[in-house]
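Residues per chain, in single letters:
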Amino acid sequence: MTLQLLLSPAAVSRGTGRELGGARLGGGAPAVDWPEQAISAPLLGSTADSLRETWLADGPVSAGVSEGIAWRRAGDLLYGVVELAEAGFAGAGIPPLQAASRAAYDRIFRLLDAQGLPCLWRVWNYLADINGETHGLERYRQFNIGRQDAFLDYRRGTTGNVPAACAIGLAGGPLSIAFLAGPQPAVPVENPRQVSAYHYPAEYGPRSPTFSRGALVHPPGQEILFVSGTASIVGHRTVHPGDVAGQCRESLANIAAVVAEANRVARSGDFSPGELVHRVYVREAADFPAVRAAFAELAGEAPGTVFVQADICRADLLVEIEAMAVHPLAPTGR
Ligand code: 3EB
C-alpha cells in the first residue's frame, strides 16, 4: 500500500475512491467525501484561491467516523481529521483550548488503539489566535499542555519517539488536527542545531511541545521523510527577530540539517533538498516578496511550494517552513 501526494486546484473535487485524505488550503472550495483538513488561510502568490493536497492510496480504502474523527484507512495506513469547537469545552475550570486539545489527542489515541495502528507519524495542528493570551497564558502554550496531557493519558512517551508536526495559527475556526498513522514506529529525526522541542526550557511555556523535528515513516515499499514545521530557531532561541529574509534562510538551514540527520538513517538512499515539497507559512502578507526571494535564493524553483499567510507559534517568528519527500524502497528493505 503506497501513498502518493497530489497537488491540485481545489475545483477538482471528484474522488476516485483511492483518496486517503488530505488538506484544502485557501478558501471557498467544494467539499469532498474524504477526510480533508480545511486550512482557511490566504494563499500567497497563487493564481488559485484554493489548493487541494491529497494522499492517494494504491488500493481500496475503508472509512469511518469515531468520536468526531473522520478517517480513512488503506491497508495499514490511517489518515484522519478532527475539528473541535472550543466553546464545547468551556466551563471546566481550565482553558477551553487546553481541554479541547487534550480531548482531540485522547480521541486520536483511542482510534489508533482500536484500529491496531498505534503509531502516530505526522500531525498537522491548526488553531485560532495562536499568540493570543487568555487565562494568563498564550494559547499555543495552552495547546501544548493539552497535547502533552493526552500523550501522558495514553502512556505514550513525550520525548524521543514523538510525531513530526506543525502548529499554526489561523484567523478563526475550530481546533483542527489531521494525522497520518501506521503500524510501526516512525524513525524520529532531531536537528543538531536546535534543542529538541520536547526539551525546550520553561521560558517557552509550562509544558514542552510534543513533536520531533522530522520523521522517516515506512508505508510498505516506501520511505517518506516529513520535516516538521521549521523556524528561525537556533538552540532554543529565536534568531533574526524582525528580519524575515534572515528567518527564511535560517529555517532552510535548519531543514537542511534535519535532512542530513535523516540521511544518516534513511533506508532508501539520501534525500536531497531539491526533491522536497515545501509549505511556507508567512505571518505578514506584506513580507511575502521578501520570503519568496530568500526562499528562491536557496531552494531554487522548488516545484510544489505553497505559500500561505498564517501565524507562527512564537510572536517573534515571521516565517515557518515544513517539507516532505517520498522515496520508493527496495522490496528487500524495510
Ligand atoms: C519551533 O520549532 C517552531 O508545536 O507541534 C514547529 C513545529 C513549531 C511543530 C508544534 C511547533 C510545532 O518550536 C514551532
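Preceding this paragraph is the structure being described.
The notes below deal with the structure included here. Please read all numbers here as calculations on a predicted model, not as lab measurements.

Let us now look at the overall build of the protein. In terms of helices and strands, the protein carries 4 helices and 21 strands. In summary, the protein has a C-alpha radius of gyration of 18 Å against a globular reference of 20 Å for 334 residues, a match within 12%. Dimensions of the protein, computed from C-alpha atoms along their principal axes, come out at roughly 50 × 50 × 40 Å. Within the protein, the fraction of its 334 residues that count as buried is 57%.

Strand order in the open sheet formed by 7 strands is β4-β20-β19-β21-β16-β15-β14, with mixed pairing between adjacent strands. Single-partner strands in this sheet number two, and they are β4 (43-44) and β14 (187-189). The strands touched by helix α4 (residues 288-299) within the sheet are β4, β19 (277-282), β20 (306-309) and β21 (319-328), with β19 carrying the most contacts at an inclination of about 150°.

Another point: the packing of aromatic side chains. For the structure shown, the criterion picks out 13 aromatic pairs. When the ring centre of Y200 is taken as reference, the NZ or CZ atom of R314 above it lies at 5.1 Å. Here the guanidinium or amino end of R314 rests over the ring plane of Y204, the centre of that ring lying 4.0 Å away.

On to the side chain of S8, then. Mapped onto the elements of the fold, S8 is located in strand β1 (residues 3-9). For S8, a relative accessible area of 11% corresponds to the buried category. S8 has contacts with L51 and R52, leaving out every residue within four places of it along the chain.

This next bit is on the site of the ligand. Around the ligand, a shell composed of 14 residues is seen, among which Y140, R147, Y200, R213 and C313 lie nearest. One of the side-chain nitrogen or oxygen atoms of R213 is found 2.8 Å away from an oxygen atom of the ligand. With the chains in place, 100% of the 360 Å² that the ligand exposes on its own is no longer accessible. Contributions of two or more residues to the shell around the ligand are made by α2 (139-153) and β12 (164-170). It is β12 that contributes the most residues to the shell around the ligand, 3 residues altogether. Among the residues making up the shell around the ligand, the classes are represented as 9 nonpolar, 2 polar and 3 charged.

This brings us to the nonpolar core. Judged by nonpolar contacts, the single largest core of 76 residues is most densely connected at W55, Y105, L120, W124, F179 and F226. Among the elements that make up this core, the one with the highest residue count is helix α1 (residues 96-115) (10 residues). Beyond its immediate stretch of four places on either side in the chain, F179 contacts I69, L78, Y79, G80, V81, I108, L111, L112, L120, R122, V123 and W124. Membership of the second largest hydrophobic core comes to 29 residues, among which are A266, V280, A302 and F307.

Here we come to the sheet that holds strand β7 (residues 69-74). Across the sheet, which stays open at both edges, the 6 strands sit in the order β6-β7-β8-β13-β9-β12 with mixed pairing between neighbours. Only two strands of the sheet have a single neighbouring strand rather than two, namely β6 (62-66) and β12. Sheet twist, expressed as the mean angle between neighbouring strand axes with direction ignored, is 15°. In this structure, strand β9 (residues 119-128) lies alongside strand β13 (residues 175-182), joined through 7 bridges in antiparallel fashion. Looking across to β13, one finds that R122 is bridged to L180.

Here we take up the packing of helix α3 (residues 244-265) against α4. Contact geometry for α3 and α4: axes closest at 9 Å, N-to-C directions at 35°. In terms of crossing hand, the pair formed by α3 and α4 is right-handed. Contact residues: V244, A245, C248, R249 and L252 in α3; A290, V291, A294, F295, E297 and L298 in α4.

Attention now moves to α3. When the terminal C-alpha atoms of α3 are compared, their 32 Å separation across 22 residues agrees well with the 32 Å that a helix rising 1.5 Å per residue should span. Structurally, the start of α3 carries an N-cap: the backbone nitrogen of A245 is 3.3 Å from a side-chain oxygen of D243.

Parameters and conventions
- Residues numbered from 1 in each chain as written.
- Predicted model: local features only at pLDDT ≥ 70, side-chain atom pairs only at ≥ 80, totals over all residues.
- Heavy atoms only, no water.
- Helix = DSSP H or I, 4+ residues; strand = E, 2+ residues; numbered from the N terminus.
- Rg over C-alpha atoms; globule rule 2.2 N^0.38 Å.
- Buried < 20%, exposed > 50% of the residue type's maximum accessible area, 1.4 Å probe, protein only.
- Pairing = 2+ DSSP bridges.
- Contact = heavy atoms within 4.5 Å.
- Axes fitted to C-alpha atoms, helices over the stretch in contact; angles between N-to-C directions.
- Phe/Tyr/Trp six-rings, centres within 6.5 Å; stacked < 30°, edge-to-face > 60°.
- Lys NZ or Arg CZ within 6 Å of the ring centre and 35° of its normal.
- Near = heavy atom within 4 Å.
- Polar contact = N/O pair within 3.5 Å; in protein donor to acceptor, adjacent residues only side chain to side chain.
- Areas by Shrake-Rupley, 256 points an atom, 1.4 Å probe, with all protein chains shown as cover.
- Nonpolar A, V, L, I, M, F, W, Y, C, P; charged D, E, K, R; others polar.
- Core = buried A, V, L, I, M, F, W, Y, C linked by side-chain atoms within 4.5 Å.
- Left-handed = near helix turned anticlockwise from the far one by under 90°.
- Expected span 1.5 Å × (residues − 1).

Take it as geometry only, folks, not as evidence of what the structure does.
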